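Listed below are the residues making up each chain.
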Amino acid sequence: MKRAFKYRFYPSDAQVTELARTFGCVRKVYNLALVARTQAWRERRERVDYNQTSAMLTAWKRTEELAYLNQVSSVPLQQALRHLQVAFTNFFAKRAKYPRLKSKKKSRKSAEYTASGFRFREGALTLAKMSEPLDIVWSRPLPVDARPSTVTVSQDAAGRWFVSLLVEDPDVTSLSCADTAVGIDVGLDYLLTLSTGEKIANPRYERRDRARLARAQRRLSRKARGDGANRAKARHKVAKIHARIVDRRRDHLHKVTTRLVRENQTIVIEDLAVRNLVRNRKLARAVSDAAWATFRGMLEYKAAWYGREVIAVDRFFPSSKLCSTCGALAEAMPLHVRTWTCDCGTTHDRDVNAARNLLAAGRAVSACGAGVRPQRRTPGGRSAGKQEASQRER
């Protein structure tokens, strides 16, 4: 199975200059090709594909205005055109919006190299147009006899440099079949509530650093707008705080999802409309900090790695109002009610009861041999979200 291994590295001054030039050329080529394809369709109703933009790139390099494109490796430039082709493919398949121009300040700085654009020997990685290998911190070993097929170099907003190597990992194999299954109810007071009754706390990493972040953002707002050095330093401090929050959150989610996948054969979750939930101004910060969408993404790809099953139950399923013991449906369940007693005499914890109902619904779907497909909505359409998420963050 193909797997990406990401490491941090520390480039020399010459490498920083070369990579910055490469990032700029990649962005320029992507934008030129996007404009050319858009104009061809609007003016002549003509679709331009990758091969035609590749020929355009050759012509652009021969012009005096764009001759600087010859100073960098052609491999990441060609890869930028392939990425644009994928973006248009996703757009025509209605999986994504129309591709947008890349911004110098807001867009991700990255460049992808295929096998002809780098050399990897004895643990040393040297990119095209560079005489020295990258100073990589090998925080974890690569698989034995790993041969990277692609290498992606990137720089985040905090100024940190990363390299990602895509290799075949023979260690990713299906785990032995387990007899356990678990239902998971996500929330804000507790990040996860399992059908077993276990509750996993919500670390709220953004709230922990909210005061530091607010101070840094106030200092940034007082700096004169433009490309001044003081504003760049203030922006860098804000980015470092955001990076710290994101790193800690992802580390926590990786640990939780790995544990869930290893311990359970079937995992049942709710198909939440997170994109709609963050439109609520009172909930956007808390929902974003919980990172439910990231949690689901990690859970799904790790389950695919290790031969586990993830079932998404429809978001309109009344998991909170349904008694998991007798199946009675309560007429109303106000948000302030965290425990309730059914007519059958069973007292429920709201979140645990919801997780158990999700597990029962997932088992029913699995027994029928059919999956639950997430419901998609048009950008202007309405979609209900999770009722519990409308509770304000305490």
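Residues numbered from 1 in each chain as written. Predicted model: local features only at pLDDT ≥ 70, side-chain atom pairs only at ≥ 80, totals over all residues. Heavy atoms only, no water.

Going by an unreviewed UniProt entry, the protein chain carries the name Transposase and comes from Actinomadura harenae.

Asks: What exactly am I supposed to notice about the confidence of the model for the protein chain here?
Replies: Residues shown with low pLDDT carry predicted positions that ought not to be read at fine detail. Scored by pLDDT, the protein chain has a mean of 89; 93% of the residues are at 70 or more. In this model residues 368-394 is a low-confidence stretch, pLDDT under 50, and it forms 55 contacts with partners more than four residues away in sequence or in other chains. (pLDDT = per-residue confidence, 0-100. Contact = heavy atoms within 4.5 Å.)

Asks: Explain the domain arrangement of the protein chain here, please?
Replies: Per the domain assignment, the segments making up the protein chain are domain 1 (2-168) and domain 2 (181-202 + 255-368). In this structure, domain 1 and domain 2 have C-alpha centres spaced 39 Å apart. (Domains from an automatic or database assignment.)

Asks: Even after reading the chapter, I still don't get the UniProt feature "domain: Probable transposase IS891/IS1136/IS1341" (unreviewed entry) in the protein chain, so can you show me in this structure?
Replies: Within this numbering scheme, the UniProt entry marks residues 167-280 as carrying the feature "domain: Probable transposase IS891/IS1136/IS1341" (unreviewed entry). The distance from the first to the last C-alpha atom of residues 167-280 is 41 Å, and the span holds 48% helix and 18% strand. (UniProt positions renumbered as here; feature names shortened; annotations may be inferred. Helix = DSSP H or I, 4+ residues; strand = E, 2+ residues; numbered from the N terminus.)

Asks: What is the right way to read the sheet that holds strand β2 (residues 109-114) from this model?
Replies: In a beta sheet, neighbouring strands are held together by backbone hydrogen bonds and run either parallel or antiparallel to one another. Read from one edge of the open sheet, five strands run β2-β6-β7-β1-β5, paired in antiparallel fashion. Edge positions in the open sheet fall to β2 and β5 (136-137), since each of these has one partner strand only. Of the strand pairs in this sheet, strand β6 (residues 150-155) and strand β7 (residues 161-168) are connected by six bridges, and their pairing is antiparallel. Residue Ser154 lies in a different strand from β7, and its bridge partner there is Phe162. (Pairing = 2+ DSSP bridges.)

Asks: I would appreciate a short explanation of the pattern of salt bridges in the present structure.
Replies: When the charged atoms of two side chains with opposite charge come close together, those side chains can pair. Using the criterion set out here, one finds 21 salt bridges in the structure. With its nearest N and O atoms 3.9 Å apart, the salt bridge here joins Glu43 to Arg44. The residues Glu43 and Arg44 share a single accessibility class, namely exposed. The closest approach of N and O atoms between Arg296 and Glu300, which form a salt bridge, is 2.9 Å. In this pair, Arg296 and Glu300 both sit in helix α9 (residues 292-306), four residues apart, roughly one turn of the helix. Judged by relative accessible area, which is 35%, Glu300 ranks as partly exposed. (Salt bridge = Lys/Arg side-chain N within 4 Å of Asp/Glu carboxyl O. Buried < 20%, exposed > 50% of the residue type's maximum accessible area, 1.4 Å probe, protein only.)

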